[in-house]
Amino acid sequence: MRGKRVDAERKRETRGEDREKAGMKACVTLVTLLVTLLVLCAGGEGARHALLIIADDAGFETEVYNNTAVRTPHLRALARRGVVFRNAFTSVSSCSPSRSTILTGLPQHQNGMYGLHQGVHHFNSFDGVQSLPLLLQHANVRTGIIGKKHVGPSAVYPFDFAYTEENGSVLQVGRNITRIKLLVRKFLQEQREESSGGETPPFFLYVAFHDPHRCGHSQPQYGPFCEKFGNGESGMGRIPDWHPERYTPEQVKVPYFVPDTPAARADLAALYTTVSRLDQGIGLVLQELRDAGFENDTLVMYSSDNGIPFPNGRTNLYDAGVAEPMIISSPEHRERWGQTSDAYVSLLDVTPTLLDWFSVPYPPYSLSGGSPVHLTGRSLLPALSSEPMWDTTYGSQSLHEATMYYPMRSVRRGRFVLLHNLNYRSPFPIDQDLYVSPTFQDLLQRTRAGTPTRWFKTLRQYYYRERWELFDTHLDPAEQNNLASDPQHEAILELLKDQLVKWQWETEDPWVCAPDAVLEDKMEPKCRPLYNEL
Ligand SMILES: [Ca+2]
């Protein structure tokens with residue numbers, strides 16, 4: 001290269017000034033052409049789009065996270081085009097609250113979605129919340145949702161294109177992957193039709209699969225995980241695009257927090273089959289994106305709302321309840337494609353990431369009439385270029401079902417996790433869906449009969465927890481050895497308590513003084529003692 005440049009310089013010297021001027025002119029023309037092209041790209045065909053794929057109760061049952069027992073080729077393909085996060089967490093282990101945090105960037109205690117949205121549970125976000133779809137709509141980004149919505153009120157979570165349980169069957173829009181494929185096609189076709197002068201306006205499409213959620217509580221005829229729904233057997237209907245993968249109980253990998261029993265193994269095998277529908281559905285959605293010509297302009301994010309529905313998983317702030325798969329694929333950040341990241345990231349980061357992607361600022365406003373709301377999550381786009389030093393995430397859960405009041409707060413920082421169980425004198429509540437599951441029924445029966453449960457803790461330990469739980473997840477990944485009363489860990493305990501309460505104040509947590517004081521937010525000091533012996 002260097003030799004060529006020297007040669008060129010010598011030639012220029014011999015051929016005189018005129019030639020140099022002509023070259024300069026050509027250069028200027030070339031630069032002008034490039035700038036024009038860039039401008040055209042920014043305002044035209046190259047408008048940025050985003051596709052957010054959220055699975056329902058999915059965990060790490062995929063080769064992407066080294067589970068070689070389950071076949072998920074489409075998730076693997078997505079991982080090859082993106083960054084896989086190994087320390088991604090939801091802030092809340094419950095469906096509606098988690099989805100509200102994904103779509104607002106605010107923890108459940110701040111956005112108001114304290115528990116489930118549907119039926120008698122009836123939780124909703126505050127009317128004044130400025131959600132992601134609302135902000136994108138205001139910024140002229142077309143918004144679409146296909147699948148499980150599970151949040152409200154409608155005015156806070158508006159979508160221009162919506163096929164959800166609110167206007168259809170959740171099985172059809174959330175588990176029938178052929179139906180989902182056709183809806184994605186319809187959305188993208190309409191997007192093309194909205195183009196004018198060669199310009200396609202930006203879009204945000206949220207595909208919320210209902211797989212691999214259990215259905216033994218709601219539609220038991222399809223099996224514990226709806227693994228038979230649409231498989232072509234008698235009375236099950238047929239989903240044309242789904243080729244069910246079947247697994248035997250011997251094939252599954254039993255995670256540390258699931259009892260290693262025949263009942264739980266059969267349960268996991270059913271979960272795997274449902275994961276195959278999710279994976280093939282993701283493949284279809286991504287193919288639609290490709291066929292419509294949007295693949296190279298679209299940020300794709302994949303994650304799940306909460307941990308798998310097994311004891312110690314969903315509804316818990318333990319690792320099994322909050323650790324989530326997360327893949328982010330950006331056509332503009334190819335430098336880390338195929339890599340993994342150990343940075344600590346949260347589903348509270350989804351809204352800041354997508355606002356950053358669309359260059360939409362977060363507006364100044366207040367929910368309580370007090371200090372302005374701000375997002376405590378961050379854009380994850382920098383992690384797609386180089387490994388960041390992010391080491392902290394927060395958790396906040398209040399309820400799941402309306403009857404399941406068990407507020408918890410947590411902070412994870414590096415190897416340590418601190419959990420605050422506010423109502424620790426009550427037994428930990430069990431949801432309807434988990435209760436009827438083969439795994440939990442088997443656990444109950446074994447406990448009652450006094451036979452080995454093959455579980456890593458007792459039901460009694462599970463129901464009754466300490467107020468503070470501190471775990472060293474490097475030495476104790478199963479979070480069994482509580483270090484909160486260990487004098488050697490007093491310094492880290494105090495540090496994490498301070499950090500947690502600071503985040504609670506920052507996010508206007510109404511539970512910030514509980515359980516031994518009352519919050520009087522118009523007075524100083526704000527936390528007034530109860531002398532309740534806690
Ligand atoms: Ca869920």
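All values reported here derive from a predicted model rather than from experimental measurement. Here the residue index of a chain counts from 1 through its sequence in written order. Only residues with pLDDT of at least 70 get local features here, since the model is predicted, and only at 80 or more are side-chain atom pairs given and counted; chain-wide, interface and lining totals rely on the full set of residues. The basis for every side-chain value is the complete set of heavy atoms in the structure, and neither hydrogens nor water enter the calculation.

A separate point is the overall build of the protein. Across its full length, the protein carries 15 helices and 14 strands. If one aligns the C-alpha atoms of the protein with their principal axes, the spans along those axes are about 95 × 65 × 50 Å. Buried means the residue's accessible area, taken with a 1.4 Å probe over protein chains only, is under 20% of the maximum for its type, while exposed means over 50%, and partly exposed covers the values in between. Across the 534 residues in the protein, those meeting the buried criterion constitute 55%. Residue contacts are defined here by distance: any two heavy atoms, one from each residue, within 4.5 Å place the two residues in contact. Relative to all contacts within the protein whose residues are 6 or more apart in sequence, the contacts with residues 24 or more apart total 69%. Shrake-Rupley sampling with a 1.4 Å probe provides the accessible areas, and residues are treated as covered by the protein chains on show and by no other component. Element-wise, carbon and sulfur atoms account for 54% of the exposed surface of the protein, whose accessible area totals about 23200 Å². A run of H or I in DSSP counts as a helix once it spans at least four residues, and a run of E counts as a strand once it spans at least two, with each numbered from the N terminus.

The four strands lie next to each other as S9-S10-S11-S12, forming an open sheet whose pairing is antiparallel. Looking at the sheet topology across the chains shown, the edges are occupied by strand S9 (392-397) and strand S12 (468-472). The sheet shows a mean angle of 10 degrees between the axes of neighbouring strands, direction not considered. Pairing between strands is defined by DSSP: at least two bridges between them are needed. Bridge count between strand S10 (residues 408-413) and strand S11 (residues 416-421): six bridges; the pairing is antiparallel. Across the sheet, residue Val 411 finds its bridge partner in S11, namely Leu 418. Note on geometry: axes are lines fitted to C-alpha atoms, helical ones only across the stretch in contact, with angles between N-to-C directions running from 0 to 180 degrees. Contacts from helix H15 (residues 490-506) reach S9, S10, S11 and S12, with the element oriented near 120 degrees to S10.

Another point: empty space enclosed by the protein. Of the grid points, spaced at 1 Å and generated over the protein atoms alone, those admitting a 1.4 Å probe that cannot get out make up cavities, while open sets with protein on both sides within 12 Å along at least five of seven lines make up pockets; any residue with an atom within 4 Å of a point is treated as lining. Grid points are joined across faces, edges and corners, and a volume is the space filled by probe spheres set on the points. One pass over the structure, following the stated rule, counts three cavities of 30 Å³ or more. Approximately 60 Å³ is the volume found for the largest cavity. Together, Ala 58, Gly 59, Glu 61, Thr 62, Leu 75, Pro 212, Leu 271, Val 275, Leu 278, Tyr 302 and Pro 325 line the largest cavity. Considering every element that reaches the lining of the largest cavity, the biggest residue donor is helix H9 (residues 262-291), with three residues. Only Asp, Glu, Lys and Arg are considered charged in this grouping, and only Ala, Val, Leu, Ile, Met, Phe, Trp, Tyr, Cys and Pro are considered nonpolar; every other residue, Gly among them, is considered polar. Taken together, the residues that form the lining of the largest cavity break down as eight nonpolar, two polar and one charged.

Further remarks concern the pairing of S12. On any regular strand, side chains alternate: one points to one face of the sheet, the next to the other face. Of all five residues in S12, four are buried; the element is thus mostly enclosed. Pairing of S11 with S12, which is carried by five bridges, proceeds in the antiparallel orientation. Residue pairing for S12: Val 417 is matched across the bridge by Phe 471.

Right, let's talk about the UniProt feature "domain: Sulfatase N-terminal" (unreviewed entry) in the protein for a bit. UniProt positions are given in the numbering used here, feature names are shortened, and annotations may be inferred rather than shown by experiment. With numbering matched to this structure, UniProt assigns "domain: Sulfatase N-terminal" (unreviewed entry) to residues 49-359. Counted over residues 49-359, helix gives 30% and strand 16%. Its end C-alpha atoms are 12 Å apart.

So, on to the pattern of salt bridges. A pair is scored as a salt bridge if a Lys or Arg side-chain nitrogen falls within 4 Å of a carboxyl oxygen belonging to Asp or Glu. Under the definition given, this model contains 33 salt bridges. Where Arg 290 meets Glu 295, a salt bridge forms, and the shortest distance between an N and an O atom there is 3.0 Å. When its relative accessible area of 36% is taken as the criterion, Arg 290 is described as partly exposed. Of the residues examined, Glu 295 reaches a relative accessible area of 19% and is grouped as buried. Through salt bridges with shared partners, a single network forms among Asp 56, Arg 99, Lys 148 and Asp 305.

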